[in-house]
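# Structure assessment
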Amino acid sequence: MKILSTKQNLQILHEDNHLIIVNKRVGDIVQGDKTGDKPLSDVVKEYIKDKYNKPGEVFLGVVHRLDRPTTGIVVFARTSKALTRMNELFASRETQKTYWAVVKNKPPKNEDQLVHFLKRNEKNNTSKAHLKEVPESKMASLDYTIIAELQNYFALEIRLHTGRHHQIRAQLSAIGSPIKGDLKYGFDRSNTDGGIHLHARQLSFVHPVSKEPLTVTAPLPKDPVWDAVGN
(Lines give C-alpha, C1' and ligand atoms only; values in the text may rest on other atoms or scores of the structure.)
Protein backbone atom coordinates (compact mmCIF):
# COMPACT_ATOMS: atom_id res chain seq x y z
CA MET A 1 0.00 0.00 0.00
CA LYS A 2 1.16 3.54 -0.74
CA ILE A 3 2.33 5.41 2.36
CA LEU A 4 0.80 8.88 2.28
CA SER A 5 3.15 10.58 4.71
CA THR A 6 5.93 9.91 7.19
CA LYS A 7 5.98 13.32 8.88
CA GLN A 8 6.75 13.55 12.61
CA ASN A 9 7.58 9.84 12.69
CA LEU A 10 4.05 9.10 11.45
CA GLN A 11 3.48 6.57 8.70
CA ILE A 12 0.04 7.48 7.42
CA LEU A 13 -1.79 4.76 5.49
CA HIS A 14 -5.12 6.51 4.88
CA GLU A 15 -6.43 10.01 5.50
CA ASP A 16 -9.74 11.70 4.71
CA ASN A 17 -12.06 14.20 6.38
CA HIS A 18 -13.33 11.62 8.87
CA LEU A 19 -10.54 9.08 9.47
CA ILE A 20 -6.78 8.93 9.76
CA ILE A 21 -5.09 5.51 9.83
CA VAL A 22 -1.44 5.09 10.81
CA ASN A 23 1.15 2.33 11.01
CA LYS A 24 2.16 2.14 14.68
CA ARG A 25 5.80 1.52 15.57
CA VAL A 26 7.18 -0.62 18.39
CA GLY A 27 6.99 1.25 21.68
CA ASP A 28 4.32 3.76 20.67
CA ILE A 29 1.39 3.99 23.06
CA VAL A 30 -1.90 4.73 21.34
CA GLN A 31 -3.44 6.72 24.20
CA GLY A 32 -1.92 8.39 27.26
CA ASP A 33 -1.33 6.21 30.32
CA LYS A 34 0.37 6.30 33.71
CA THR A 35 3.84 6.26 32.11
CA GLY A 36 3.36 9.87 31.02
CA ASP A 37 4.96 9.08 27.66
CA LYS A 38 3.68 11.05 24.70
CA PRO A 39 0.93 9.02 23.05
CA LEU A 40 0.44 8.45 19.34
CA SER A 41 -2.90 10.28 19.57
CA ASP A 42 -1.07 13.50 20.51
CA VAL A 43 1.39 13.10 17.63
CA VAL A 44 -1.52 12.66 15.19
CA LYS A 45 -3.28 15.74 16.63
CA GLU A 46 -0.13 17.81 16.10
CA TYR A 47 0.15 16.53 12.54
CA ILE A 48 -3.47 17.54 11.76
CA LYS A 49 -3.09 20.94 13.45
CA ASP A 50 0.06 21.67 11.47
CA LYS A 51 -1.14 20.36 8.11
CA TYR A 52 -4.50 22.13 8.13
CA ASN A 53 -3.50 25.21 10.20
CA LYS A 54 -6.26 24.44 12.66
CA PRO A 55 -6.74 26.93 15.50
CA GLY A 56 -7.56 25.69 18.98
CA GLU A 57 -8.03 22.08 20.05
CA VAL A 58 -8.05 19.34 17.39
CA PHE A 59 -10.71 16.64 17.75
CA LEU A 60 -9.31 13.11 17.51
CA GLY A 61 -11.12 9.99 18.67
CA VAL A 62 -9.30 6.78 19.58
CA VAL A 63 -11.26 3.97 17.90
CA HIS A 64 -9.17 1.03 19.18
CA ARG A 65 -5.77 0.26 20.66
CA LEU A 66 -2.76 -1.94 20.03
CA ASP A 67 -0.45 -3.25 22.74
CA ARG A 68 2.68 -1.14 23.13
CA PRO A 69 5.13 -3.83 21.88
CA THR A 70 3.07 -4.57 18.74
CA THR A 71 3.06 -2.76 15.41
CA GLY A 72 0.60 -2.04 12.64
CA ILE A 73 -2.75 -0.45 11.87
CA VAL A 74 -4.34 2.02 14.26
CA VAL A 75 -7.51 3.93 13.32
CA PHE A 76 -8.34 7.39 14.64
CA ALA A 77 -11.55 9.34 13.98
CA ARG A 78 -11.38 13.00 12.97
CA THR A 79 -15.07 13.68 13.61
CA SER A 80 -17.48 12.68 16.35
CA LYS A 81 -19.79 11.13 13.75
CA ALA A 82 -17.00 8.88 12.49
CA LEU A 83 -15.97 7.96 16.05
CA THR A 84 -19.51 6.87 16.99
CA ARG A 85 -19.93 4.81 13.84
CA MET A 86 -16.47 3.23 14.01
CA ASN A 87 -17.07 2.27 17.63
CA GLU A 88 -20.27 0.57 16.51
CA LEU A 89 -18.44 -1.28 13.70
CA PHE A 90 -15.79 -2.61 16.08
CA ALA A 91 -18.33 -3.51 18.77
CA SER A 92 -20.52 -5.43 16.32
CA ARG A 93 -17.45 -7.09 14.72
CA GLU A 94 -18.20 -5.63 11.31
CA THR A 95 -14.48 -5.24 10.65
CA GLN A 96 -12.07 -7.83 9.28
CA LYS A 97 -8.78 -7.82 11.19
CA THR A 98 -5.74 -9.68 9.92
CA TYR A 99 -2.52 -9.94 11.91
CA TRP A 100 0.88 -11.43 11.10
CA ALA A 101 2.96 -13.06 13.82
CA VAL A 102 6.32 -14.83 14.00
CA VAL A 103 6.76 -17.81 16.31
CA LYS A 104 9.67 -20.18 16.95
CA ASN A 105 7.69 -23.33 17.68
CA LYS A 106 5.61 -24.66 14.82
CA PRO A 107 1.91 -24.81 15.72
CA PRO A 108 0.34 -28.30 15.88
CA LYS A 109 -1.44 -27.78 12.54
CA ASN A 110 -0.65 -25.75 9.41
CA GLU A 111 -4.00 -24.03 9.84
CA ASP A 112 -6.62 -24.19 12.53
CA GLN A 113 -9.30 -22.37 14.47
CA LEU A 114 -8.47 -21.71 18.10
CA VAL A 115 -11.23 -21.26 20.67
CA HIS A 116 -10.34 -20.52 24.27
CA PHE A 117 -11.83 -18.79 27.27
CA LEU A 118 -9.60 -15.91 28.36
CA LYS A 119 -9.46 -14.72 31.93
CA ARG A 120 -7.73 -11.42 32.53
CA ASN A 121 -5.36 -10.83 35.43
CA GLU A 122 -5.41 -7.09 36.13
CA LYS A 123 -2.54 -7.30 38.60
CA ASN A 124 0.09 -8.42 36.09
CA ASN A 125 -1.77 -7.30 32.93
CA THR A 126 -2.00 -10.72 31.30
CA SER A 127 -4.74 -13.01 30.07
CA LYS A 128 -4.73 -16.78 30.54
CA ALA A 129 -6.29 -19.06 27.93
CA HIS A 130 -8.45 -21.92 29.20
CA LEU A 131 -9.94 -24.71 27.09
CA LYS A 132 -13.17 -24.62 29.09
CA GLU A 133 -15.15 -21.72 30.47
CA VAL A 134 -14.04 -20.53 33.90
CA PRO A 135 -15.54 -17.79 36.11
CA GLU A 136 -15.07 -14.27 34.68
CA SER A 137 -13.67 -15.61 31.40
CA LYS A 138 -14.61 -14.51 27.88
CA MET A 139 -14.74 -16.67 24.77
CA ALA A 140 -11.95 -15.91 22.27
CA SER A 141 -11.77 -17.20 18.71
CA LEU A 142 -9.28 -16.85 15.84
CA ASP A 143 -8.08 -18.65 12.73
CA TYR A 144 -4.40 -19.00 11.89
CA THR A 145 -2.50 -20.21 8.83
CA ILE A 146 1.23 -20.76 8.46
CA ILE A 147 2.25 -18.47 5.58
CA ALA A 148 6.05 -18.83 5.65
CA GLU A 149 8.65 -21.21 7.06
CA LEU A 150 11.83 -19.29 7.87
CA GLN A 151 15.24 -20.54 8.94
CA ASN A 152 14.39 -20.57 12.65
CA TYR A 153 10.80 -19.36 12.77
CA PHE A 154 7.31 -19.68 11.34
CA ALA A 155 5.19 -16.78 10.13
CA LEU A 156 1.45 -16.97 10.75
CA GLU A 157 -1.50 -15.06 9.36
CA ILE A 158 -4.23 -14.64 11.94
CA ARG A 159 -7.85 -13.59 11.48
CA LEU A 160 -9.57 -12.44 14.65
CA HIS A 161 -13.20 -13.27 15.34
CA THR A 162 -13.22 -11.62 18.77
CA GLY A 163 -11.20 -8.79 20.24
CA ARG A 164 -10.08 -9.83 23.71
CA HIS A 165 -7.25 -8.51 25.87
CA HIS A 166 -3.92 -9.94 24.61
CA GLN A 167 -5.94 -12.50 22.68
CA ILE A 168 -3.45 -13.53 19.99
CA ARG A 169 -0.54 -13.52 22.44
CA ALA A 170 -2.39 -15.69 24.97
CA GLN A 171 -3.91 -18.12 22.47
CA LEU A 172 -0.68 -18.78 20.57
CA SER A 173 1.14 -19.26 23.86
CA ALA A 174 -1.54 -21.76 24.91
CA ILE A 175 -0.75 -24.00 21.91
CA GLY A 176 2.99 -23.85 22.62
CA SER A 177 3.85 -21.17 20.04
CA PRO A 178 4.52 -17.89 21.87
CA ILE A 179 5.30 -14.89 19.69
CA LYS A 180 8.94 -13.98 19.12
CA GLY A 181 10.12 -11.56 21.82
CA ASP A 182 7.03 -12.01 24.01
CA LEU A 183 8.56 -12.77 27.41
CA LYS A 184 5.22 -12.17 29.12
CA TYR A 185 3.71 -15.14 27.29
CA GLY A 186 6.58 -17.59 27.38
CA PHE A 187 9.11 -16.69 24.67
CA ASP A 188 12.64 -17.35 25.91
CA ARG A 189 14.23 -13.96 25.16
CA SER A 190 13.23 -10.41 24.37
CA ASN A 191 13.73 -8.54 21.11
CA THR A 192 16.41 -5.86 21.18
CA ASP A 193 13.84 -3.10 20.57
CA GLY A 194 11.55 -4.32 23.33
CA GLY A 195 8.84 -5.21 20.84
CA ILE A 196 7.27 -8.47 19.80
CA HIS A 197 6.76 -9.89 16.31
CA LEU A 198 3.03 -9.23 16.13
CA HIS A 199 1.81 -6.87 13.41
CA ALA A 200 -1.71 -5.61 12.70
CA ARG A 201 -1.38 -6.23 8.98
CA GLN A 202 -4.74 -5.49 7.37
CA LEU A 203 -8.10 -4.00 8.26
CA SER A 204 -11.25 -4.01 6.10
CA PHE A 205 -14.52 -2.25 6.84
CA VAL A 206 -17.21 -0.07 5.30
CA HIS A 207 -16.30 3.61 5.65
CA PRO A 208 -18.54 5.12 8.36
CA VAL A 209 -19.55 8.14 6.27
CA SER A 210 -18.98 7.42 2.57
CA LYS A 211 -20.22 3.82 2.99
CA GLU A 212 -17.53 2.67 0.54
CA PRO A 213 -15.55 -0.52 1.32
CA LEU A 214 -12.08 0.31 2.63
CA THR A 215 -9.10 -2.04 3.04
CA VAL A 216 -5.85 -0.79 4.56
CA THR A 217 -2.59 -2.78 4.63
CA ALA A 218 0.36 -1.83 6.84
CA PRO A 219 3.92 -2.48 5.61
CA LEU A 220 5.99 -4.65 7.93
CA PRO A 221 8.65 -3.17 10.23
CA LYS A 222 12.18 -3.28 8.92
CA ASP A 223 14.16 -6.05 10.60
CA PRO A 224 15.83 -9.24 9.33
CA VAL A 225 13.04 -11.58 10.47
CA TRP A 226 10.20 -9.54 8.96
CA ASP A 227 12.34 -8.99 5.85
CA ALA A 228 12.53 -12.77 5.45
CA VAL A 229 8.72 -12.98 5.56
CA GLY A 230 8.45 -10.36 2.82
CA ASN A 231 6.16 -7.37 2.44
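Residues numbered from 1 in each chain as written. Predicted model: local features only at pLDDT ≥ 70, side-chain atom pairs only at ≥ 80, totals over all residues. Heavy atoms only, no water.

### Quick look at the overall build of the chain
For the record, the criterion: Here a helix means four or more residues in a row that DSSP labels H or I, a strand means two or more in a row labelled E, and each is numbered from the N terminus. When we talk radius of gyration, it's over C-alpha atoms, and the globule rule is simply 2.2 Å times the number of residues to the 0.38. Partly exposed describes any residue whose relative accessible area lies between the buried limit of under 20% and the exposed limit of over 50%, with all areas from a 1.4 Å probe on protein chains only and scaled to the type maximum. Throughout, a contact is declared for two residues whenever any of their heavy atoms are within 4.5 Å. The protein chains shown are the only cover counted for residues, whose accessible areas, like all others here, come from Shrake-Rupley with a 1.4 Å probe. The convention is simple: Lys and Arg are positive, Asp and Glu are negative, and His and the chain ends are not counted. Charge positions are represented by NZ for Lys, CZ for Arg, CG for Asp and CD for Glu.
The helix and strand tally for the chain stands at four helices and 11 strands. Taken over the C-alpha trace, the chain has a radius of gyration of 18 Å; the compact-globule value for 231 residues is 17 Å, and the two agree within 12%. Overall, the chain is about 55 × 40 × 35 Å in size when its C-alpha atoms are taken along their principal axes. Looking at the 231 residues of the chain, the share that counts as buried comes to 50%. Looking at the chain alone, contacts between residues at least 24 apart form 61% of all its contacts between residues at least 6 apart. Carbon and sulfur atoms make up 47% of the accessible area of the chain, which totals about 12000 Å². Counting 35 positive and 26 negative side-chain charges, the chain places the centres of these two groups 2 Å from one another.

### Here we look at the pairing of strand β8 (residues 138-149)
What counts is decided by this rule: Note on pairing: two strands pair once DSSP finds at least 2 bridges between them.
With eight bridges connecting them, strand β6 (residues 111-121) and β8 associate as antiparallel partners. For E111, the partnering residue across the bridge sits in β8 and is T145. Bridge count between β8 and strand β9 (residues 154-160): seven bridges; the pairing is antiparallel. Across the sheet, residue A148 finds its bridge partner in β9, namely A155.

### Thoughts on the confidence of the model for the chain
Applied cut-off: Confidence of the predictor at the level of single residues is captured by pLDDT, which takes values from 0 to 100.
Averaged over the chain, the pLDDT score is 93; the fraction of residues at 70 or greater is 97%. When mean pLDDT is compared element by element in the chain, helix α3 (residues 167-174) scores highest at 98, while helix α1 (residues 40-52) scores lowest at 93.

### Overview of α3
α3 sits mainly inside the fold: six of its eight residues count as buried. Within α3, the full set of buried residues consists of Q167, I168, R169, A170, Q171 and L172. Of the surrounding elements, those touching the buried residues of α3 are β5 (96-103), β6, β7 (126-130), β8, β9 and β10 (198-206). Remark: G176 follows α3 within two positions and exhibits a positive phi of approximately 85 degrees.

### Points about the nonpolar core
Selection rule: Among buried residues, the Ala, Val, Leu, Ile, Met, Phe, Trp, Tyr and Cys ones that are joined through side-chain atoms within 4.5 Å form a nonpolar core.
Membership of the largest hydrophobic core comes to 51 residues, with the highest contact counts inside it found for V22, V44, I73, F76, I158, I168 and L172. When sequence neighbours within four positions are dropped, the list of residues in contact with V22 reads L10, Q11, I12, L13, L40, V44, G72, I73, V74 and F76. Counting 11 residues, the second-largest nonpolar core is a separate cluster that includes V102, L150, F187 and L220.

### Looking at unusual backbone geometry
At N125, a residue that is not glycine, the phi angle is positive and equals roughly 55 degrees. Mapped onto the elements of the fold, N125 is located in the loop between β6 and β7. Assessed through its relative accessible area of 32%, N125 is described here as partly exposed. The phi dihedral of H166 falls on the positive side, at around 55 degrees, and the residue is not glycine. The exposure class of H166 is buried, given its relative accessible area of 7%.

### Remarks on the packing of aromatic side chains
Let me state the cut-off plainly: Any two rings among Phe, Tyr and Trp, with Trp reduced to its six-membered ring, count as a pair given centres within 6.5 Å; such a pair is stacked if its planes are under 30 degrees apart, edge-to-face if over 60, and tilted if neither. Put simply, a charge is over a ring when the Lys NZ or the Arg CZ is close to the ring centre, within 6 Å, and near the line of the ring normal, within 35 degrees.
The full count for this structure, using the stated rule, is zero aromatic pairs. The residue whose ring lies beneath R201 is W100, and the NZ or CZ to ring-centre distance is 4.2 Å.

### Description of the side chain of S41
Structurally, the position occupied by S41 is in helix α1. If sequence neighbours within four positions are ignored, S41 has contacts with V30, Q31, L60, V62 and F76.

### Focus on the environment of N23
The criterion, for reference: Here a polar contact means two N or O atoms within 3.5 Å. Within protein one must be a hydrogen donor candidate and the other an acceptor candidate, and residues neighboring in sequence count only if both atoms are side-chain atoms.
With respect to the element layout, N23 can be found in strand β2 (residues 19-24). With relative accessibility at 9%, the residue N23 sits in the buried group. Taking the C-alpha atoms as reference points, N23 and Q11, separated by 12 residues in sequence, lie 5.4 Å from one another. Excluding residues that lie within four positions of it along the chain, N23 makes contacts with Q11, L13, G72, I73, H199, A218 and P219. At a separation of 2.5 Å, a polar atom in the side chain of N23 contacts the side chain of Q11. Among the polar contacts made by the side chain of N23, one reaches the main-chain carbonyl oxygen of P219 at a distance of 3.1 Å.

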